[in-house]
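So you can see what is in the structure, the chains are spelled out below.
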Amino acid sequence: MLSRNEARSSPLCKVYYRPIEAAIRWSGLHRHEAMILDVLGHRQTPTLHDFPRWPTLSLNAERIYDGILNEELAYGYNGLTARRATPTTGVPLHFDLEGLTVRHTDLRQWMQRCYPGQRPRFLFSAAERAAHPIITVEAGQAMLAEQAATHALLRQCQQQTRSLQARYEALLSRQAAAPAPQSPASPLSDRAETTYLNIIGALMDLLLGKSPSGKPYSNFRTQEAVISALVAHNGGLMGLTERTLQGKFARAKRQVNTRQPPPAQDRMCGRENRIYGVQRD
């Protein structure tokens, strides 16, 4: 095991590494190497409880030992490559964790093969780390085809945008040339509505009424006859529908009936005089 002083002076790149040294460099914790080794003591594998701030340290250490045990990663002792595992037991001969080492070149090849997405700087140069390890020729061609399709879609969207912009500007021009809409009529006041209802009620009373001699003032005998004639002659005008006229006439009738009528004789005489233009003495 390296001492604290030896660990402090340990370079980032070496010819071979102990598994814990490789795991420390893989996790980007080289500057904490001395402290990590002091915490581990004689143990060769860290746990999550040892360094809860650095969970990748124990994970990377387990990956390295997994590659060694499954004979995916060549190993040795003090830099010398050992023999492979025996076929009967599957356990490497003379497997001693204390002096176990992996060579730089073997570790690099193993990582390229088993963990192509990983590019730690102690194994790979800056240019190698900048290049994406997973992009193959086929993947690159697929990305180029997707880029071309995206550009075509972008051009189509731009054309649609220009077309919509032109239509929008045309609508703005038409709106500017159109005459300004008239302001809506002010709402009818209660006094004006009462006046109109009185006029309507009085006209209906006259159309359906009779003279003092009993002669009808018009040919209409009922309110329904008046409504039918209005609808027949003016059905295209707004508000002149049977339902609307019935409602308006009913309100007008109630409005007229709320007035205090004079005595019957005076009322009939006064109405007759107004109709025939007779002045009372």
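What counts, and where the lines are drawn
Residues numbered from 1 in each chain as written. Predicted model: local features only at pLDDT ≥ 70, side-chain atom pairs only at ≥ 80, totals over all residues. Heavy atoms only, no water. Core = buried A, V, L, I, M, F, W, Y, C linked by side-chain atoms within 4.5 Å. Buried < 20%, exposed > 50% of the residue type's maximum accessible area, 1.4 Å probe, protein only. Helix = DSSP H or I, 4+ residues; strand = E, 2+ residues; numbered from the N terminus. Contact = heavy atoms within 4.5 Å. Pairing = 2+ DSSP bridges. Salt bridge = Lys/Arg side-chain N within 4 Å of Asp/Glu carboxyl O. pLDDT = per-residue confidence, 0-100. Axes fitted to C-alpha atoms, helices over the stretch in contact; angles between N-to-C directions. Parallel < 35°, antiparallel > 145°, perpendicular 65-115°, else oblique. Left-handed = near helix turned anticlockwise from the far one by under 90°. Nonpolar A, V, L, I, M, F, W, Y, C, P; charged D, E, K, R; others polar.

A look at the nonpolar core
One finds Ile-36, Leu-57, Ile-64 and Leu-107 to be the most contacted residues of the largest nonpolar core, which totals 29 residues. Elements with a minimum of two residues in this core: helix 2 (19–26), helix 3 (33–40), helix 4 (55–69), strand 4 (100–103) and helix 5 (104–114). Setting aside anything within four residues of it in sequence, one finds Ile-64 in contact with Pro-19, Ala-22, Ala-23, Trp-26, Leu-73 and Trp-110. Listed in part, the six residues of the second largest apolar core include Met-204, Val-226, Ile-227 and Leu-240.

What to know about the environment of His-30
With respect to the element layout, His-30 can be found in the loop between helix 2 and helix 3. A residue is classified by how much of its surface remains accessible, and His-30, at 24% relative accessible area, is partly exposed. For the pair His-30 and Phe-122, spaced 92 residues apart in sequence, the C-alpha to C-alpha distance is 9.6 Å.

Here we look at the sheet that holds strand 2 (residues 76–77)
Ordered in space as 1-4-2-3, the four strands form an open sheet in which the pairing is antiparallel. This sheet does not close on itself; its edge strands, each paired only once, are strand 1 (16–17) and strand 3 (80–81). Across two bridges, strand 1 lies against strand 4 in antiparallel orientation. Paired with Tyr-17 across the two strands is Val-102, which belongs to strand 4.

Digging into the pattern of salt bridges
Using the criterion set out here, one finds seven salt bridges in the structure. Here Arg-18 makes a salt bridge to Glu-21, at a shortest N to O gap of 3.7 Å. Since its relative accessible area comes to 10%, Arg-18 is described here as buried. A salt bridge links Glu-193 to Arg-251, with the shortest nitrogen-to-oxygen separation between them at 2.6 Å.

Some thoughts on the confidence of the model for the protein
For the protein, per-residue confidence averages 79 on the pLDDT scale, and residues scoring 70 or more make up 79% of the total. When pLDDT is averaged over each helix and strand of the protein, the minimum, 41, is found for helix 1 (residues 4–8) and the maximum, 94, for helix 2. A low-confidence stretch, residues 1–9 stays under pLDDT 50, and its non-local contacts, those more than four residues away or across chains, total 16 contacts.

Description of the packing of helix 2 against helix 4
For the pair helix 2 and helix 4, interaxial distance at closest approach is 8 Å and the crossing angle is 130°. By the angle between their axes, helix 2 is oblique relative to helix 4. Every pair of crossing elements has a handedness; the one defined by helix 2 and helix 4 is right-handed. Here helix 2 contributes Pro-19, Ala-22, Ala-23, Ile-24 and Trp-26 to the contact with helix 4, which in turn contributes Leu-57, Asn-60, Ala-61, Arg-63, Ile-64, Tyr-65 and Ile-68. The residue makeup of the contact of helix 2 with helix 4, split by class, is 10 nonpolar, one polar and one charged.

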